[in-house]
Amino acid sequence: MNLILTPGKVALPELAEIYWKSPSVALDPKSKSGVEKAAQIVEQAAAGDAPVYGINTGFGKLSGIRIPPEQTALLQRNLILSHCCGVGEPIPENIVRLVMTLKMLSLGRGASGVRWEVIEQIESLLKNGVTPVIPSQGSVGASGDLAPLAHMTAVLIGEGEAVFRSKTISGAEALQNIGRKPLVLGAKEGLAMINGTQVSTALALAGVFEGWRCALGSLVTGALSTDAAMASTAPFHPEIQLLRGHQGQIDTAQTLRNLMQDSEIRNSHLEGDTRVQDPYCIRCQPQVTGACLDLLRQAAKTLAVEANAVTDNPLVLFSDTSGAAGTTESPVQIVSGGNFHAEPVAFAADQTALALAEIGAISQRRIALLVDPNLNFGLPPFLSPDAGVNSGFMVAEITSAALMSENKHLANPCSTDSTPTSADQEDHVSMATHAAWRLLKMNDNLGRILGIELLTAAQGLEFRKPLSTSTPLLSVLEKVRAEVPPLMEDRFLAPDLEKAAILIRNGKLIQAAGESHFPKLRESQDSKSV
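Attention in this report is confined to the structure presented alongside it.

1. Overview of the pattern of salt bridges
- Applying the stated criterion across every chain, the model contains 13 salt bridges.
- Salt-bridge contacts for Arg 505 lead to Asp 444; the nearest nitrogen and oxygen are separated by 3.0 Å. Separated by 61 residues along the polypeptide, Arg 505 in helix H19 (residues 494–505) and Asp 444 in helix H17 (residues 432–462) bring together distant segments of the chain.
- Between Asp 496 and Arg 491 there is a salt bridge; the shortest N-O distance is 2.8 Å.
- The network of salt bridges with common partners includes Glu 210, Asp 444 and Arg 505.

2. Observations regarding the nonpolar core
- The biggest cluster of nonpolar side chains holds 150 residues, and the ones touching the most others in it are Leu 15, Leu 205 and Leu 224.
- With 17 residues, helix H9 (residues 198–228) is the largest single contributor of residues to this core.
- Listed in part, the nine residues of the second largest apolar core include Ala 38, Val 52, Ile 55 and Ala 187.

3. What about the side chain of Ser 430?
- Along the polypeptide, Ser 430 turns up in the loop between helix H16 (394–410) and H17.
- Looking at Ser 430, its side chain comes within polar contact range of the main-chain oxygen of Gly 141, at 2.5 Å.
- Setting aside residues up to four positions removed in sequence, Ser 430 forms contacts with Val 140, Gly 141, Ala 142, His 341, Ala 342, Glu 343, Ala 346, Cys 414, Ser 415 and Asp 417.

4. Regarding helix H6 (residues 146–156)
- For H6, the buried fraction is high: 11 of the 11 residues fall into the buried class.
- Within the sequence span of H6, burial applies to Leu 146, Ala 147, Pro 148, Leu 149, Ala 150, His 151, Met 152, Thr 153, Ala 154, Val 155 and Leu 156.

What counts as what
Residues numbered from 1 in each chain as written. Predicted model: local features only at pLDDT ≥ 70, side-chain atom pairs only at ≥ 80, totals over all residues. Heavy atoms only, no water. Salt bridge = Lys/Arg side-chain N within 4 Å of Asp/Glu carboxyl O. Helix = DSSP H or I, 4+ residues; strand = E, 2+ residues; numbered from the N terminus. Core = buried A, V, L, I, M, F, W, Y, C linked by side-chain atoms within 4.5 Å. Buried < 20%, exposed > 50% of the residue type's maximum accessible area, 1.4 Å probe, protein only. Polar contact = N/O pair within 3.5 Å; in protein donor to acceptor, adjacent residues only side chain to side chain. Contact = heavy atoms within 4.5 Å.

The structure is reproduced here in structure tokens:
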């Protein structure tokens, strides 16, 4: 069944479902009247004498050139073809489908001036599994994601390339396969398609959704490491967190307590433990990981707004003044603005990058703690039962350090960068697209760091037997051991590291531990959870 979306009212859970499950989506038919009303206004402007940007003029620095009505369709077609200048590896298909959905939501608000047929063409591609090939590089995140959105639009008009049934074919062939004719773009429709932040926003949403799953995975690995190191849970006391008041910190401590509640290992050293305090990577998990949860939630809130936004230019405005001074008609204006500037998305992507880097940084320190016999409270060096002839997790820890350092570099802000383009017409840009694109790599790195922590913590718990960890964490270990056996002697470890990373990324550890134990990503305290 289609997921029916109401433009302007799509929440994070629906966006997450589109990202994770790629359902067929369609706009609420009730939005059609508003879309068509704006399209009529644009059609009238295209035939009029007054210059209106992008409707009967050229684009950007060429906006002073008037375009006669008989060249309107050619103008829009040429706009798409000339802007298909993207390079680099293709954006993943599930993210492209999210891009297409976000574009429909934006057009469906009835301020862009496109015909309903444009939305129907996008819906048809989504319904029939046609996914445009969008190169990942070429947008600076202002004046819209011009190049990537042009590649998406090209397929609608029978150009470009698309993936259909796992094969890359021409846009014309893709349309033929699903029984659709190439769309002939009307006034402003090409401009409405390529102006907008949908690529940046979809990439950033992907970064947040993947990052949140990794963040929850880090609560699992953090709890396992805490028990493996026979560390104290006293710093997770609820009153400590309430005295500071940050929600992410409160939620992190609560989750750690939930995951470790009936641990025999923890109960075995409640008394008589000579250690006074644990290192920060254990003790300050609520403060560090909790702050990261708060950053991800703030980014998600921004992106949920942006996902529902109208971000092309110019816009058809219906200023409702009915009833004022006897007025019964609403004046209509076509106004140029700057909603295409993706600064909010760039900030959200940079926030997300900081969170991903810090989750990985504190996880890496827990790995280092567990392999160090000076810090791990009685565990063997590098967690090998026969250290010396065996190196155990020595180089796995080094790999985690390399990934951590790479993420630190990737976390440097993109939003503070700008360069003028288009003959200085677009003289300040957001860099939101590659700010968001780099989150995919950062999540890959973070998943692998957490996967290494998962294995080192599981190995450490082997040496605490016959004492057992908690019930939720035993369920997690069962999942781990179904994929990766204990490291009794050195072996080729790379495949095991990948298996552990997959367990972090696919959410199965969270399910094994019990999803009710974990905090939710949400737009606000009162909204639906995801």
